[in-house]
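A closer look at the structure
Here is how the chains run, residue by residue.
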Amino acid sequence: MKKQIAVLGSGSGSNFEAVIQYFFDKGYNDLVEFSCITDKENAYIRNRAKKLGVKSDYVPFKETYNYLRNANFDLIVLAGYMRILPVEVLNIGTFINIHPSLLPSFKGMTAIKDAYNYGVKITGVTVHYVVEEVDAGEIIAQSPVFIEPKMSFEELEQKIHQAEHALYPKVVEQLFENLLKNTCSII
Ligand code: GRF
């Protein structure tokens, strides 16, 4: 049976696209089915889902618990999902998130700007498990981004997104491979 992976997003969905494209390029299509879920009916992530042939569902935040409870996903990937999920929802499955800083530095919604304004020379991206406390779950992987002298904020933002698009698909792949292994060991 195909593994079921949900990607939850509220906005542009560039990380969603990077993950889907990576899995497509690797030829995993027969082993996994992705679903795109958004709490914003007109989020651009839905356009990307349509283009990539992934089904997308608009799920208002208050309906998220029932939706995920019924769906039974093997892995839930947050990618720009702008909501704080309560513990009852997090208990439903395994949730991971990507954050645009080297946690535990620069938690919160303005991480790239905060790192830039602080003047750090190295920032980066972090993939972590999601727990109730925001940006505080166990770290799975990180990738550094160097802030060169005279680099503009926009250049940094671009480098951060490139680092996200390189790292997140590989982490999702690793967790997906673990799911496949666990299934095999039961048989
Ligand atoms: C990314 O920068 C991610 O780190 C943060 O939200 C942004 C989502 O971007 N959590 P996108 O929707 O994947 O383009």
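Provided above is the structure to which this section pertains.
Residues numbered from 1 in each chain as written. Predicted model: local features only at pLDDT ≥ 70, side-chain atom pairs only at ≥ 80, totals over all residues. Heavy atoms only, no water.

**Description of the site of the ligand**
Selection rule: Think of it this way: one heavy atom of a residue within 4 Å of a molecule or strand is enough to make that residue near it. Whenever two N or O atoms come within 3.5 Å, that pair is a polar contact, provided that in protein one can donate a hydrogen and the other can accept it, and provided that, for residues adjacent in sequence, both atoms are side-chain atoms. Only the protein chains shown count as cover for residues, and all accessible areas are computed by the Shrake-Rupley method using a 1.4 Å probe. For each structure, a 1 Å grid was placed over the protein atoms alone; sets of points admitting a 1.4 Å probe that cannot get out are labelled cavities, open sets with protein on both sides within 12 Å along at least five of seven lines are labelled pockets, and lining residues have an atom within 4 Å of a point. For this analysis, a molecule is said to be in a pocket or cavity if more than half of its atoms are within 2 Å of the grid points defining it. A run of H or I in DSSP becomes a helix once it reaches four residues, and a run of E becomes a strand once it reaches two; helices and strands are each numbered from the N terminus. Throughout, the ten residues Ala, Val, Leu, Ile, Met, Phe, Trp, Tyr, Cys and Pro are labelled nonpolar, Asp, Glu, Lys and Arg are labelled charged, and all others, Gly among them, are labelled polar.
Every residue lining the ligand is accounted for by S12, G13, S14, N15, G80, I98, H99, P100, H161 and E164. Measuring from a nitrogen atom of the ligand, one finds a backbone N or O atom of I98 at 3.0 Å. In the environment of the ligand, an oxygen atom lies 2.2 Å from a nitrogen or oxygen atom belonging to the side chain of E164. Notes on the ligand: free accessible area 360 Å², of which the protein chains cover 82%. Here the ligand occupies the largest pocket. Mapped by element, the contributors of at least two residues to the shell around the ligand are α1 (14-25), β5 (95-99) and α6 (153-186). Classifying every residue of the shell around the ligand gives 2 nonpolar, 7 polar and 1 charged.

**Focus: the sheet that holds β5**
Strand pairing in a sheet relies on backbone hydrogen bonds, with the paired strands running either antiparallel or parallel. What counts here: DSSP-based pairing: two strands are paired if at least 2 bridges between them are found. Helix axes are fitted only over the stretch in contact, all axes being lines through C-alpha atoms; the angle between N-to-C directions runs from 0 to 180 degrees.
Strand order across the open sheet formed by 7 strands is β3-β2-β1-β4-β5-β6-β7, with mixed pairing between neighbours. Of all the strands in the sheet, the pair left with one neighbour each is β3 (55-58) and β7 (139-146). Strand-to-strand twist of the sheet, defined as the mean angle between neighbouring strand axes without regard to direction, takes the value 20°. Direction of pairing for strand β2 (residues 32-38) relative to β3: parallel, over a ladder of 4 bridges. Its bridge partner being in β3, I37 is matched across the sheet by D57.

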